[in-house]
Every structure is written in structure tokens, then in C-alpha cells.
Amino acid sequence: MDISSASPSIASLVEENQRLKRAVEELSILNDLARAIGASNDSQDIMQSIIHKSLRAVHAEQGVITLLDQDSSHSMKTLVRSMVSSTEHPRYHFHQNLLGWMELNKKPLVINDPRSDDRFRGILWDEGIWNIMSVPLMVKASLLGILSVFNKKDKAQFNNDDQRLLAIMASQSAQIVENARLYEQEKSLFRVQEEMRLASSIQLDLLPKSAPVIGGYEIAARTIPAKSVGGDFFDFIQLPNGRLGISLGDVSGKGMPAALLMAHIQANVRSQAKMHTTPQNSIAGMNELVCQSISEGKFATLFYGILDPIQNCITYCNAGQDFPLLFSGSACEALKCGGIPVGMFSPFAYEEAVVELKTGDILLIYSDGIAEAWNTADEPFGEEKIKTVIVKHREKSANAIIDHLIKDVENHAATMPQADDMTIVVVKKL
């Protein structure tokens, strides 16, 4: 029936019938969309469903959802793009200018004649695009992303009904997309935490379970990572003729990368200790290996000494580690002989020295997390406080000395978080 030639009442009824029919169709579309996106927690599946339903709802050829990276310093950085096409046309590019417009305006946008639209002068549109409709995906007044469709079929134009329907679909979908994204982030975080837990367990397994027992000596060691995994390590290596290799290292960096580098260097320390009879040569061999096997800018400070309980001495080489302290009588000697951290450049001529150990002497080897523990007044714990603790408790066992040192460091730091790994080895001559 031609509505223009019908009586006003009939024309009004026909128009109302068409409006109701359109409303029923829209409700059906929205109901189908709700069922489709409510059945999954996968953000890609949800976005694909939204685009498919949108294309059918407004009779468009191609659609895309662009999510914005909320954590990026550049708010317009694309985090996820999901695209669906109902034709064999190539995928069209969603221009950055449209993203910028949507970020500023946060409202639906219809462009039925892109090349003559004054709002987007200078944009080189893809040849196959004749119109575009975009609507914001809003969550609590924040722009999560944009739902866009290209090219209404049969070269028709997008109208107000299309815009209204697509906006409703976007409004209905935005929170579900955000929930799926957050769910996936939570799963990813859980996986990372589990991997870190396993890495921490493996790292602890690489360290000695207990200190060696050597007649005439008391030895103790402790490490406290700043994170779940750390870059510090210590090790005890049994050598011929009753000698004991003692190493303490601190690799550059924090967290998982440092832990991986730590494991690599610890293994190499053991291999070099078995190959060479002197700390000097062991450290030189370590330096060459590390320079060859790790990327530029990565290095490790490393102390390696060989304790001879028969001669009552320790031969050592200190490659950039905080100077170990030898407390003998009323004197305190810093063990400085050695050279640069391993991994800086090779070859390097390292040096070694021998120190005698007498009854009552204490050798303290420690990483920089001890001396560089800061308090709220921006003061480091420092070497002088370390010396004070050792002198005060020198009559106690090696384990007790470590306990007191860690306690004093923690009291000094108070509420300040631990910024670096803390590792301590104490050798006490009985």
C-alpha cells in the first residue's frame, strides 16, 4: 500500500506497525547479542560475536572493534583489533584521526561521504570505503574502545535508526568486553605468579641446603631476595685436599631476568672452580664465558675464595663485589684484591691475594643489599654499621651473627621496602 495515498488514519496505522516491527526486530537482535556474548569469557570470541551481530543489524559489509590501551602513556595506542568482513573486500584501515575524534567527543559518528566530510579533511580513505559508522564503547564514563562498521550494503546510507541501534549494542556490550578483558588479565597474572613461585622454588633448590662442616671452622650463609626471585647467590664447592670454594655473586638487574642470569653464572662458577686451581684463573675464565654468552650491559659482581683448613688461609679474588671484611683481633681488613665485575670486557688481568685466618677471626662476605639498605631519612645502612654489628656479636655463632646483622638492617630500614637482594656468608675460625 502507498502510504501517501492512504487516509491519514490508515497511514498512521501502517507507520505504527512498521515502527513496532522494527522495535521487535531490534529487541530480537539485542536478545541474540546478549545470549551470544554472555556465554563466553574470551574477549576475542565476544568481540567477534558483537561485530557479526552488528553487521547483520545495520546491513554493513565490514566491522571492527578497536580497544584502547588504558595502561599506555599514549591513550590512543591500539591494544586489540578484532575485525569481521561479510564480503571479499580487503580489510579497511581504521584511521587514527577517527580514534582521536572519538576520544574527544565520545559519541556516535556517522560519515556517509568520507571524502567531503569537513571534520576529516586530508585523510586518505581506502578506495572501497563509501561510508562509516562508529560508536564508543563506554565503561563508567571512560572510553574502552570503538565499534565501527563500514559500507552499508547496496550503497545505502547509514541513518538515525542504524546509529541508535549500533549505539545500544555498544552500550550493552562494553561492560561485558571489559569484564572479559579483566578476567583474562587476572588469569594472566595468576600464571605469572605461579611461574614466579616455581622459579623461586627452583632458585632456592640451586643454593646449598646447608653450610659445609669443616673442622676448626663455623660457616653460615643466608640470602633474602627483594622479589620472589633474585639475582644474588652464594655457593660452596668441595675441592681436592679438603679445600672449600666459597662464592658470592650479585648479577645486574632484578626479578626473573636476574634470576636466570644468576643460575647461568652460578653454574659457570662451579665449572670454572673445577677446572682451575686458583681463584684468579677461575674468575678470569668466568669473565671470558660471561662476555661471550650474555648481552652487552649485563654483568655480575663476584667474590670467589678457596678456604684451606689445613693451612688456615683463604686465597681470594674479588670481582667488583662489596669488599668482604676480615675481622682479626681489633683490626678489620677489607679484601680488595681482584678486578672488575665479570661480563664487562674480556680479557682482563685479575689478581688474587692470600689472607691468614687465626682463632677468633671472622670473614664476612656480603652483597650490596646490606650496605645499601635505605631508611626513611634516605640514609644507607653503610659499612660502618656493618662493622659495629659484627664486633658487637663476634663471640656468637656464625648463624647468630647473620641473624643480628639482618635484624639490624631491617630495623634501620623500618617501613622502607627492601630494594635489593641481601646475601651474607660468614666464615668463623674457631
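Each remark here, short or long, concerns the structure printed above.
What you see is a predicted model; the values in this text were computed from it and never measured.

S.K.: Is there a simple way to explain the overall build of the protein chain in this structure?
M.R.: Helix and strand content of the protein chain: nine helices and 16 strands. Here the protein chain holds 430 residues, and 47% of them are scored as buried. Once local pairs closer than 6 in sequence are excluded, the contacts in the protein chain between residues at least 24 apart make up 66%. Accessible surface, the protein chain: about 21500 Å² in total, of which carbon and sulfur atoms supply 53%.

S.K.: How should the sheet that holds strand E15 (residues 362-366) be read in this particular structure?
M.R.: Read from one edge to the other, the open sheet built from five strands follows the order E6-E16-E15-E11-E12, with strand pairing classed as antiparallel. The sheet terminates laterally at strand E6 (217-224) and strand E12 (331-334), the two strands that pair on one side only. Between one strand axis and the next, the sheet turns by 15 degrees as a mean value, whatever way the strands run. Where E6 lies against strand E16 (residues 422-429), eight bridges are found, and the strand directions are antiparallel. Pairing of Ala220 across the sheet is with Val426, part of E16.

S.K.: Looking at this structure, I do not really get the side chain of Ser282. What am I missing?
M.R.: Summarising the element assignment, Ser282 is placed in helix H6 (residues 279-293). A relative accessible area of 3% means that Ser282 is categorised as buried. Looking at Ser282, its side chain comes within polar contact range of the main-chain oxygen of Gln272, at 3.4 Å. Sequence-distant contacts of Ser282, defined by excluding residues within four places in its chain, comprise Gln272, Ala273, His276 and Tyr304.

S.K.: Explain the environment of Leu335 to me, please; I cannot follow it from the model alone.
M.R.: Within the fold, Leu335 resides in the loop between E12 and strand E13 (338-339). In this structure, the C-alpha to C-alpha distance between Leu335 and Val355, residues 20 residues apart in sequence, is 8.8 Å. The contacts of Leu335, once residues within four sequence positions are left out, are Tyr316, Asn318, Phe323, Pro324, Leu326, Val355 and Leu363.

S.K.: Can you walk me through the pairing of E16 in this structure?
M.R.: Within a regular strand, the side chains alternate between the two sheet faces. With eight of eight residues buried, E16 is to be regarded as a mostly interior element. The side-chain alternation of E16 yields two buried faces, one formed by Met422, Ile424, Val426 and Lys428 and the other by Thr423, Val425, Val427 and Lys429.

Quick notes on the rules
Residues numbered from 1 in each chain as written. Predicted model: local features only at pLDDT ≥ 70, side-chain atom pairs only at ≥ 80, totals over all residues. Heavy atoms only, no water. Helix = DSSP H or I, 4+ residues; strand = E, 2+ residues; numbered from the N terminus. Buried < 20%, exposed > 50% of the residue type's maximum accessible area, 1.4 Å probe, protein only. Contact = heavy atoms within 4.5 Å. Areas by Shrake-Rupley, 256 points an atom, 1.4 Å probe, with all protein chains shown as cover. Pairing = 2+ DSSP bridges. Axes fitted to C-alpha atoms, helices over the stretch in contact; angles between N-to-C directions. Polar contact = N/O pair within 3.5 Å; in protein donor to acceptor, adjacent residues only side chain to side chain.

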